[in-house]
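Listed here are the chains, written in short residue letters.
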Amino acid sequence: MEIVEIRQGLHLLRLTFGQAYLWNDAGALTLVDTGIATSGDEIAEAIGRLGLRTDAVRQVVLTHYHEDHCGGAAAVASWGDVTVLAHRAEAPVIRGDVPAPPPNFTDEERALHRSLGAHLLPPAPPCRVDRELEDGDVIGFGGGARVIATPGHTAGSIAIHVTGAGVLFTGDTVAHVNGQVMPGVFNMDRDEMLRSFRRLAELDDVRVACVGHGEPITEAGAALQAAAAR
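Residues numbered from 1 in each chain as written. Predicted model: local features only at pLDDT ≥ 70, side-chain atom pairs only at ≥ 80, totals over all residues. Heavy atoms only, no water.

Trainee: Please set out the overall build of the chain residue by residue, giving values where relevant.
Mentor: The helix and strand tally for the chain stands at seven helices and 14 strands. Against the compact-globule benchmark of 17 Å for 230 residues, the chain has a radius of gyration of 16 Å, which places it among compact chains. Taking the principal axes of its C-alpha atoms as reference, the chain extends roughly 45 × 35 × 30 Å. Within the chain, the proportion of its 230 residues that are buried is 50%. Summed over its atoms, the accessible surface of the chain is roughly 10,000 Å², and 50% of this surface lies on carbon and sulfur atoms. Positive and negative side-chain charges of the chain, numbering 18 and 30 respectively, have mean locations separated by a distance of 2 Å. (Helix = DSSP H or I, 4+ residues; strand = E, 2+ residues; numbered from the N terminus. Rg over C-alpha atoms; globule rule 2.2 N^0.38 Å. Buried < 20%, exposed > 50% of the residue type's maximum accessible area, 1.4 Å probe, protein only. Areas by Shrake-Rupley, 256 points an atom, 1.4 Å probe, with all protein chains shown as cover. Lys, Arg positive; Asp, Glu negative; His and termini not counted. Charge placed at Lys NZ, Arg CZ, Asp CG, Glu CD.)

This is the structure in C-alpha cells:
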C-alpha cells in the first residue's frame, strides 16, 4: 500500500486492488471510495502513517456501488461517528437490499475484466447509507464539495467537485491509463457515460482530477476537454 500526497491535505491511497482518496480538513477526515472488502486494514494503516486516527474519519463518500469502490465501506463505517454518503440510486445496492446490476461488457472489456482479476474480487459487504445524494447537493468538506450526477458507468455514479480547491473526484467516469485520459470502461450504458464525461469536461477551474483508476490528472481541465473532443 502506497500513500501519495496530491496536495496539502489530500492523499491518494494506492491499495492492493483499487484506490481511495483521503481529504483532511484540519484533522476531520473524508474518504472518497474505500477499495475492496479487505481494504479497511490498509486504509487504517495509511491513516496511522499520516499521524492521524481512524476515529477522525467523519465521512465516506462512495462514487458508485462497484466492489472495488465500496467494498471497504462497512469496515470504515464501524470506526466511530462516520456518515456514509452515496447517490440515491446506488444506496439500495450498497445496503444489500437489491443485487448489483452487471456492466454491459463489450467482448474486449470482458477479456480485460478477467485479465485484471476483477471477476475474482470479494463481494462488498452490505453497508448502511446515511445520506442519499442528488445532483447539485453540497457535502461539507473542502469548503463545500458539489455532487455531480454522472450516470452511465452505473445508474447513480457521481463525481465530487471541490470548487474552491479546483479538485474533481471523477469515480470511474474518467480513467488515466499509461498517460492517456479517457472515458472509463465496464459501463452499464456507454453512451450515457460519454455524456457524463463531456459534462465533467465542461466544468470550470478543474486543476486536479482524482480518477477511479490511475494517477491523478494535473492540468485536468484542459486534459478532460481534449479527451472529450476526440
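We are not done yet, so read on.
Trainee: Give a description of the pairing of strand 6 (residues 83-87) that names residues and reports values.
Mentor: Of all five residues that make up strand 6, four are buried, and the element is covered over most of its length. Relative to strand 6, strand 5 (residues 57-61) is paired through three bridges, and the arrangement is parallel. The residue bridging Gln-59 from the neighbouring strand is Thr-83, located in strand 6. (Pairing = 2+ DSSP bridges.)

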